[in-house]
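As a plain string of letters, each chain reads:
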Amino acid sequence: MSVRLHDTLTGETRPLVPLRDDGVRIYSCGPTVYGPAHIGNFRSFLFADLLVRHLRWRDHRVTWVMNITDIDDKIIRGAAAAGIGIGELAERYLGAFIADAAALRMTMPDATPRATHHIDDIVALIATLLERGHAYRTDDGSIFFRIASWPAYGRLARLDPDQLRVGERVEADEYAKDDVRDFALWKGPKPGEPSWTTSIGAGRPGWHIECSAMSMKALGPSFDIHTGGIDLIFPHHEDEIAQSEAATGQPFVGTWLHCAHLQMSGAKMAKSKGNIARVADLLADGISARALRYALISVHYRASLNYTDESLSAATAAIDRLDAAVSALAAYREDRPDDPTLAATLDAARVAFGAALDDDLNVSAGSAVVFDLVRDLNRRIESRSISTADAASAVAALRDLDRVLGVLPEEEAPLDEHAASLLDARSAARERRDWAASDRLRDELVDLGIVVEDTRDGQRWRRTSEVGRA
Ligand SMILES: [Zn+2]
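Cut-off values and rules
Residues numbered from 1 in each chain as written. Predicted model: local features only at pLDDT ≥ 70, side-chain atom pairs only at ≥ 80, totals over all residues. Heavy atoms only, no water. Helix = DSSP H or I, 4+ residues; strand = E, 2+ residues; numbered from the N terminus. Buried < 20%, exposed > 50% of the residue type's maximum accessible area, 1.4 Å probe, protein only. Contact = heavy atoms within 4.5 Å. Pairing = 2+ DSSP bridges. Right-handed = clockwise from strand over helix to strand, strands pointing away. Salt bridge = Lys/Arg side-chain N within 4 Å of Asp/Glu carboxyl O. Donors = N, O, S within 2.8 Å, 3.2 Å for Na, K, Ca; no water. Axes fitted to C-alpha atoms, helices over the stretch in contact; angles between N-to-C directions. Expected span 1.5 Å × (residues − 1). Core = buried A, V, L, I, M, F, W, Y, C linked by side-chain atoms within 4.5 Å.

1. Notes on the overall build of the protein
Move 1: Within the protein, the regular secondary structure consists of 15 helices and 16 strands.
Move 2: Taken along its principal axes, the extent of the C-alpha atoms in the protein is 90 × 50 × 40 Å.
Move 3: For the protein, with 470 residues in total, the buried portion stands at 51%.
Move 4: Long-range pairs, those at least 24 residues apart, make up 75% of the contacts in the protein with a sequence separation of at least 6.

This is the structure in structure tokens:
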């Protein structure tokens, strides 16, 4: 069984066959760090995270690269408005992005190259396109890609090349390019804009060329998977293909994956409509990061996701059910023979979950498997039909599936010797009904940051720093 993915370019769902035997190489278009990221951005990043996690769960070696756009029109405008340099603005929002990504438990990519650190690579790629006759200069020092030189242009977006970019006349006038469809690889210097002095002249890179240069630098001229939001298909990814393949003469990407839009209460989330939900704001409002993650990943990536208060409540309830099952299993104690039917149930769940995710990341079917398993386990706990060791295997099975979903709480680090001995002493005190000693030991544990609860299965503890950190 192998992972099958839907390729935007061919429209086919095909088995993933890595191009090289040293693993799967993935590039994702990352954030433009000019402001705080919103949940629509993170839907796309977390879908790539889910892909990476699933491939690793399937024992693929994965190299995941996500670029950081730290130079573009929006950053220049934002820095000017804030009265700071573009470096300072980018640094601020790169920090915010990393904090949001960590809160939402996004796997850190193996590399996060920044455009301003790769000007040399960008310039070298543009120089090659100039040499090969796919690019030309204009009087203001800009360099454009000549779409007429690339007949395959428009294949990814399924557009008629003659009909392209008629809406971009303003930019055409501004830069005096040969053909209204052509796009900027390099923008000539302008007063008040940052500029680099290079072998192709002074100026700054366009946005599209940055992804071609950095993806091929990190992963080679041909790599396995390129991801992004559906809004990047045209022109961004169409341009990436044209630039990269025109420069190298090799196929750029094996499989293109695009994540559908996130809608906010039925409308496309857009700054102009004022219906933007930022991750940091939602978390500051007390929304659980794990519930938000689940709300963003639990709808198939090619289906439009409608984010509403109801969808968030449903995600919160789902996470609560998972948490409750895991903590009940962790605390479960029953001295009885192991249940011989349990192993088969856990194996079947793993097989069904894997098959669902293999099928173009069908995460809704995968989650349904997890919640069916949770229901089954709850019944077994209720009827006390499993052993203590069975309960531990069930937790391990849920944690294994959660390597892909990433929504369970972190495993507790074991207690140090002193705290563990206090817990043992308290348990012994309760057995001999010495409530005064039991209470004194509970207070001592609280001083160590450990809260103890008494349940049917005995003492349950957690660290106070984690109370309320849902
Ligand atoms: Zn990109």
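2. As for the pairing of strand S4 (residues 62-66)
Residues in a regular strand point their side chains to alternate faces of the sheet.
Move 1: Buried residues dominate S4, accounting for four of its five residues.
Move 2: In the sheet, strand S3 (residues 24-28) pairs with S4 via five bridges, with the strands oriented parallel. Each residue of the ladder has a partner; that of Val 24, found in S4, is Val 62.
Move 3: As a crossover connection, the stretch from S3 through helix H1 (residues 39-57) into S4 is right-handed.

3. Here's the deal with the pattern of salt bridges
Move 1: Taken as a whole, this structure holds 31 salt bridges when the rule is applied.
Move 2: Salt-bridge contacts for Asp 358 lead to Arg 58; the nearest nitrogen and oxygen are separated by 2.9 Å. Residue Asp 358 is located in helix H11 (residues 342-358), and its partner Arg 58 is located in the loop between H1 and S4; the two are separated by 300 residues in the primary sequence.
Move 3: The class of Arg 58 is partly exposed, set by a relative accessible area of 31%.
Move 4: Three or more residues are tied together by salt bridges with common partners; here these are Asp 73, Lys 187, Glu 193 and Arg 204.

4. With respect to the coordination of the zinc ion
Move 1: Distances from the zinc ion to its protein donors, Cys 29 (SG), Cys 211 (SG) and His 236 (NE2), fall within 2.0 to 2.1 Å.
Move 2: Positions of the donor residues of the zinc ion, expressed as sequence spacing, correspond to C-x181-C-x24-H. You can see Cys 29 sitting in the loop between S3 and H1 and its partner Cys 211 sitting in helix H6 (residues 207-219), a full 182 residues away along the chain. Like Cys 211, Cys 29 is buried.

5. Structural notes on the sheet that holds strand S11 (residues 253-259)
Move 1: As summarised here, the arrangement of the four strands in space is S4-S3-S10-S11, forming an open sheet in which the pairing is parallel. Of all strands in the sheet, those bounded by a partner on one side alone are S4 and S11. Taken over all neighbouring pairs, the strand axes of this sheet differ in orientation by 20° on average, direction set aside.

6. Quick look at H1
Move 1: The terminal C-alpha atoms of H1 lie 25 Å apart, and with 19 residues this matches the ideal 27 Å at 1.5 Å per residue to within 8%.
Move 2: Of all 19 residues in H1, 16 are buried, a share of seventy percent or more.
Move 3: Of the residues trailing H1, Asp 59 is marked for its positive phi of about 65°.

7. Comments concerning unusual backbone geometry
Move 1: For the bond running from Phe 234 to Pro 235, omega is 0°, close enough to zero to count as cis.
Move 2: Structurally, Pro 235 can be placed in helix H7 (residues 233-248).
Move 3: One non-glycine residue, Asp 59, adopts positive backbone phi at about 65°.
Move 4: Position of Asp 59 relative to the elements: it lies in the loop between H1 and S4.
Move 5: A positive phi is found at Arg 384, a non-glycine position, where the angle reads about 50°.
Move 6: Mapping Arg 384 onto the fold places it in the loop between helix H12 (363-382) and helix H13 (388-405).
Move 7: Here Arg 384 falls in the buried class, since its relative accessible area comes to 17%.

8. Some remarks on the nonpolar core
Move 1: Membership of the largest hydrophobic core comes to 127 residues, with the highest contact counts inside it found for Ile 39, Phe 42, Leu 292 and Tyr 307.
Move 2: A per-element tally of this core places H1 first, with eleven residues.
Move 3: Counting residues in each nonpolar core, the second largest holds ten residues, with Leu 423, Leu 445, Ile 450 and Val 452 among its members.

9. A short note on the sheet that holds strand S6 (residues 143-145)
Move 1: The sheet built from five strands is open, its strands ordered S5-S6-S7-S9-S8 with antiparallel pairing. Every interior strand has two partners, whereas the edge strands, strand S5 (135-137) and strand S8 (196-198), have only one. Averaged over all pairs of adjacent strands, the angle between their axes in this sheet comes to 40°, without regard to strand direction.
Move 2: Pairing analysis gives three bridges linking S5 to S6, with the strands arranged antiparallel. Residue Arg 137 lies in a different strand from S6, and its bridge partner there is Ile 143.

10. A look at the environment of Ile 119
Move 1: As for its position among the elements, Ile 119 is in helix H4 (residues 119-131).
Move 2: Residue Ile 119 is classed as buried on the basis of its relative accessible area, which comes to 6%.
Move 3: Ile 119 sits 77 residues away from Trp 196 along the chain, and the two C-alpha atoms are 8.1 Å apart.
Move 4: With residues near it in sequence (within four places) discarded, Ile 119 still touches Trp 186, Trp 196, Thr 198 and Pro 205.

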